[in-house]
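Fold and geometry: a report
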Amino acid sequence: GISLQMFGTSYAHEIDLENISIKHPMIPIFSSKMKTAAGYLTIVNKKNATDELIMVKTDFAKAMMHISKIDKNGIATMEHVNKVIIPGNSSVVFEQGNLHIMFTQLKEPLEEYMDQKVTLVFKNLGDIVVDFQVEKVTQKMKMNNNHDH
């Protein structure tokens, strides 16, 4: 696996590797009392070949991939996803209301500005360690993608 150290606190940070880019990995928090949290990021596959994100590992919580779906009655449900296919030369966005990483059984409260290391396990590329930025969000659902810090 490749371990990457990020330097300082660069907000709109991304990890740029030869075959893959990971853009703006973040965990929004609403309070320090949260027992679960979600992780969002964009994965850009720069190879021609398809890859698959097959597992997410962390020390600070139990991590799983989920997709949010709205059923025919308009009820939001979450489905566990065993793998996320990342087609060649394209990107997959993990965002609110869609694909996301669910962190449960948090070992300690998440604190703003305390990055959390998350290992993304790809079928072909192997393990990539990503620093997810913990960001405090004031209003629960007002998360849009203007990352102008």
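Since this is a predicted model, take the numbers as computed values, not measurements. (Residues numbered from 1 in each chain as written. Predicted model: local features only at pLDDT ≥ 70, side-chain atom pairs only at ≥ 80, totals over all residues. Heavy atoms only, no water.)

Here the focus is the pairing of strand β4 (residues 51-58). In regular strands, side chains alternate between the two faces of the sheet. Sheet topology note: the β4/strand β7 (residues 84-86) ladder contains three bridges and is antiparallel. Note on β7: the bridge partner recorded for Asp 51 is Ile 86. (Pairing = 2+ DSSP bridges. Helix = DSSP H or I, 4+ residues; strand = E, 2+ residues; numbered from the N terminus.)

This part covers the nonpolar core. Ranked by internal contacts, the top residues of the largest apolar core, which has 34 residues, are Leu 53, Phe 103 and Leu 120. In this view, Phe 103 contacts Ile 27, Lys 35, Thr 36, Ala 37, Ala 38, Gly 39, Thr 58, Phe 60, Ala 61, Lys 62, Ala 63 and Val 118; residues no more than four positions away in its chain are not counted. (Core = buried A, V, L, I, M, F, W, Y, C linked by side-chain atoms within 4.5 Å. Buried < 20%, exposed > 50% of the residue type's maximum accessible area, 1.4 Å probe, protein only. Contact = heavy atoms within 4.5 Å.)

Overall, the prediction assigns the chain a mean pLDDT of 87, with 85% of residues at 70 or greater. Here residues 5-11 is a poorly scored stretch, pLDDT under 50, and it has ten contacts once near neighbours within four places are set aside; other chains count. Across residues 141-149, confidence stays below pLDDT 50; counting only partners more than four residues off in sequence or on other chains, it has eleven contacts. (pLDDT = per-residue confidence, 0-100.)

Applying the stated criterion across every chain yields a total of two aromatic pairs. When the ring of Phe 60 is compared with that of Phe 103, the centres are 5.0 Å apart and the planes differ by 45°; the resulting orientation is tilted. Within this pair, whereas Phe 60 is found in the loop between β4 and β5 (62-70), its partner Phe 103 is found in strand β9 (residues 99-104), the two being separated by 43 residues in sequence. A relative accessible area of 9% places Phe 60 in the buried class. Looking at Phe 103, the relative accessible area reads 0%, which means it is buried. An angle of 80° between the planes, with centres 6.3 Å apart, marks the rings of Phe 103 and Phe 132 as edge-to-face. Of this pair, Phe 103 sits in strand β9 while Phe 132 sits in strand β11 (residues 126-136); the two residues are 29 residues apart in sequence, bridging distant segments of the chain. In this structure, Phe 103 and Phe 132 share a single accessibility class: buried. An aromatic cluster of at least three residues, connected via ring pairs, comprises Phe 60, Phe 103 and Phe 132. (Phe/Tyr/Trp six-rings, centres within 6.5 Å; stacked < 30°, edge-to-face > 60°.)

Attention now moves to unusual backbone geometry. At Asn 89, a residue that is not glycine, the phi angle is positive and equals roughly 50°. Inspection of the secondary structure assignment puts Asn 89 in the loop between β7 and β8 (90-94). Phi angles above zero are rare outside glycine, and Gln 105 is one such case at about 50°. With respect to the element layout, Gln 105 can be found in the loop between β9 and β10 (116-122). The class for Gln 105 is exposed, based on a relative accessible area of 58%.

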